[in-house]
2 protein chains.
Amino acid sequence: MRATIIHGPGDIRVEERDYPTIQLPTDAVVKVSAACVCGSDLWPYRGVREVRKPTAIGHEFIGTVESVGEDVTGLAVGDFVIAPFVVSCGACPQCLNGVTVACEHLAGWGSKDDTGHAIDGGQGQAVRVPLADSTLVKVPGVTEPEDALRASLLTLSDVMATGHHAALAAKAGPGRTVVVVGDGAVGLCGVLAAKRLGAERVIAMSRHADRQAIAREFGATDIVEERGEAGVARVRELLGGVLADSVLECVGTKESMEQALHSVRPGGALGFVGVPTGGAEIPPRYLFDTNISVSGGMAPARTYIPELLADVLDGKINPGRVFDSVMPLEEAPEAYRAMDERRAIKVLLEP
Amino acid sequence: MRATIIHGPGDIRVEERDYPTIQLPTDAVVKVSAACVCGSDLWPYRGVREVRKPTAIGHEFIGTVESVGEDVTGLAVGDFVIAPFVVSCGACPQCLNGVTVACEHLAGWGSKDDTGHAIDGGQGQAVRVPLADSTLVKVPGVTEPEDALRASLLTLSDVMATGHHAALAAKAGPGRTVVVVGDGAVGLCGVLAAKRLGAERVIAMSRHADRQAIAREFGATDIVEERGEAGVARVRELLGGVLADSVLECVGTKESMEQALHSVRPGGALGFVGVPTGGAEIPPRYLFDTNISVSGGMAPARTYIPELLADVLDGKINPGRVFDSVMPLEEAPEAYRAMDERRAIKVLLEP
């Protein structure tokens, strides 16, 4: 089969790999219908995270179950499934607490499971899925989704679940005012998630017309282009002299974390899902003095997918709008370039 | 009148001061029935916070209204009242959000109000209270409380409200396991607050027999004497292999913050009320990787007092047990020494 392999910074290749087979009785093999490039795939691409050897890459995919191990009971050949961005067992204390990203049997795509068997990356034609029953979510009544639905289903594997995590962490909800820092796919999904949870006012911080348009479509009531102190002042002005009840931090840099923290009112909540990089700080004394709560991290997508999926299938949310580009799998190198150069918000890859 | 004045590190004196009078129509003058020394009073005493000039000190007191300004409508002469540890207006956006410690007219005892009039410290015979209607809480049906009740009412001005804040911030409640780091008056009140909120299991970290005894009385189900990694291991053992759902940090040092953060399970909550000092850190990457939420800060005591007061008056909670020493006001210097040397958990001063 064809699969995307990262060889080093800036070096993405689509290569031939063995077609996956069932290795363990709890496995499934999924034929990928669509995959995509994540903002976090750009870290090794940009050399921010080391690439020690050629590695299969990609952790967001959806597709059809092609075969199952003998212990798999909840899935059947032909089921259309969503893969969250990590493998989880569903039975350990962390999974039972809903924190599937801290699963005791956690494994990542393109890596190895905890028995030492290799796992394919998501940006390829097929993937062996360990712990398939607890990891995959079946999409009921769907065998081959049309393009718009397919795109929305694909966002549930990561970006929409992550936007939802940020919105929950920031306590977005009825009567609350919300600011979203970051206009990438996650930030845009954060706007949609905050609106979905009933937020009264959603301010998207964005300087790009195409992203602003999607933010508006997703429910943003206001756009703020200013950054830094000017951005905070504009938020305060829009909200009648006070800062936001809820702020979603969807970038992870020092600057974006500051922007986010300084946009929260005393006693408000910051939800952060941008992986902290470049010296991002959460100063304890600032939290103490402002009574701002901070929550977030890696989204337990597996926990959220059923609830979000219901709304996607009902047509209530259409997060797939974040994909502004579709390419065949063979063009994965160009997909990375387009994401890296911010020519694309998010690229869908078709194997 | 007699009042406690700090002249510099280690230099506490009880001196003669003018008896307070109504300066503004929203003022009340309160004759102090009991006051006390706070852990945070020890910072200037220890030279951690600079003392530029002799300053009236003390921010926890209860007493009887002696006179009121003409605009005061909710209080009458003879009312017994609790003073939260700051002045608040009750009408600004922050107060309306319940975050009275971020009030736009915030003022501290022993300081000045926002019109520039001096405010007496709480460790004295009487205090001018600005914005009396919104700052003070009347204790219904009480004119001169007996000693045990008086001690419990006094804790509502700070330590019990602060323990409650930590417990709420840590999401303590039914079915939750709780660890409390810190066995000072606030930590002990945190144990009581967690129990009051319905926590299933409350582990107090303490090495002092007298404090352990109060923790047990307040509802601690377990005591952990170990610290650092050994303490974390013991918590994990007590909780059957997982860490705590809720951790209350009631100290504020680098070590106690680490102890607290490392005692929270993935997806759990840290409530911190210890003023961050000595390099206490909240590492963003640790929060990201663990999905631990962090919340806390200065407790909005004014917001919590009515609810806690009801339970004190009903005899459901008896937080006054944290006072292990009562001294006349004239012995304030000895009260500070006893607190500083940890010979006393908390000292009640009788003017």
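Criteria and cut-off values
- Residues numbered from 1 in each chain as written.
- Chains lettered and ligands numbered in written order.
- Predicted model: local features only at pLDDT ≥ 70, side-chain atom pairs only at ≥ 80, totals over all residues.
- Heavy atoms only, no water.
- UniProt positions renumbered as here; feature names shortened; annotations may be inferred.
- Helix = DSSP H or I, 4+ residues; strand = E, 2+ residues; numbered from the N terminus.
- Domains from an automatic or database assignment.
- Buried area = accessible area lost by both parts, 1.4 Å probe.
- Salt bridge = Lys/Arg side-chain N within 4 Å of Asp/Glu carboxyl O.
- Polar contact = N/O pair within 3.5 Å; in protein donor to acceptor, adjacent residues only side chain to side chain.
- Pairing = 2+ DSSP bridges.
- Contact = heavy atoms within 4.5 Å.
- Axes fitted to C-alpha atoms, helices over the stretch in contact; angles between N-to-C directions.
- Least-squares fit on C-alpha atoms with pLDDT ≥ 70 in both.
- Parallel < 35°, antiparallel > 145°, perpendicular 65-115°, else oblique.
- Left-handed = near helix turned anticlockwise from the far one by under 90°.
- Nonpolar A, V, L, I, M, F, W, Y, C, P; charged D, E, K, R; others polar.

Looking at an unreviewed UniProt entry, chain A carries the name IMP dehydrogenase, with the source organism given as Arthrobacter terricola. Quoted verbatim from the Cofactor (unreviewed entry) field of UniProt, the annotation for chain A is "Zn(2+)". Chain A has a UniProt comment under Sequence similarities (unreviewed entry) that states "Belongs to the zinc-containing alcohol dehydrogenase family."

S.K.: Summarise the UniProt feature "domain: Alcohol dehydrogenase-like C-terminal" (unreviewed entry) in chain A; cite the residues concerned and give the values.
M.R.: As annotated by UniProt and renumbered to match this structure, "domain: Alcohol dehydrogenase-like C-terminal" (unreviewed entry) occupies residues 185-310 of chain A. Helix and strand shares over residues 185-310 of chain A are 46% and 21% respectively, and the end C-alpha atoms of the span are 20 Å apart.

S.K.: Help me get a handle on the domain arrangement of chain A, residues and values and all.
M.R.: Residue and element names in this part refer to chain A. Each assigned domain of chain A is listed with its residue range as follows: domain 1 (2-158 + 300-350) and domain 2 (159-296). Relative to domain 2, the C-alpha centre of domain 1 lies at a distance of 27 Å. Roughly 1900 Å² of surface becomes buried between domain 1 and domain 2 when both sides are summed, with 64% attributable to carbon and sulfur atoms. Where domain 1 packs against domain 2, one counts 4 salt bridges. Joining domain 1 to domain 2, the criterion identifies 10 residue pairs in polar contact (both at pLDDT 80 or more). Considering each element in turn, the side of domain 1 that touches domain 2 owes the most residues, 5 residues, to helix H11 (residues 301-313).

S.K.: A description of the sheet that holds strand S4 (residues 55-56) of chain B should follow, citing residues and the corresponding values.
M.R.: All names here are of chain B. The 3 strands are arranged S2-S1-S4 in an open sheet whose pairing can be described as antiparallel. Strand pairing shows two members of the sheet lacking a second neighbour, strand S2 (11-16) and S4, which therefore form its edges. Relative to S4, strand S1 (residues 2-8) runs antiparallel, the two being bridged by 2 bridges. Its bridge partner lying in S4, Ile5 is registered against Ala56. Sheet contacts for helix H12 (residues 332-340): S1 and S2; angle to S2, the most-contacted strand, approximately 155°.

S.K.: Describe the relation of the copies chain B and chain A, and please don't skip the residues or the numbers.
M.R.: Rotating chain B by 180° about the axis while translating it 0.0 Å along that axis superimposes it on chain A, leaving an RMSD of 0.0 Å. Here the symmetry operator amounts to a two-fold rotation axis. When C-alpha positions in chain B are compared against the rotation axis, the closest is assigned to Val294 of chain B, at 2.6 Å. By residue overlap, the copies meet face to face through one surface: 100% of the interface positions of chain B are interface positions in chain A.

S.K.: Describe the packing of helix H6 (residues 185-196) of chain A against helix H7 (residues 209-218) of chain A, and please don't skip the residues or the numbers.
M.R.: All names here are of chain A. Interhelical geometry of H6 versus H7 gives an angle of 15° and a closest axis separation of 8 Å. As judged from the angle between their axes, H6 and H7 are roughly parallel. Of the two elements, H6 crosses H7, and the hand of that crossing is right-handed. Contacts between H6 and H7 pair Leu188, Cys189, Val191, Leu192 and Lys195 from the former with Arg211, Ile214, Ala215 and Phe218 from the latter. Its residues placed into classes, the contact of H6 with H7 shows 7 nonpolar, no polar and 2 charged.

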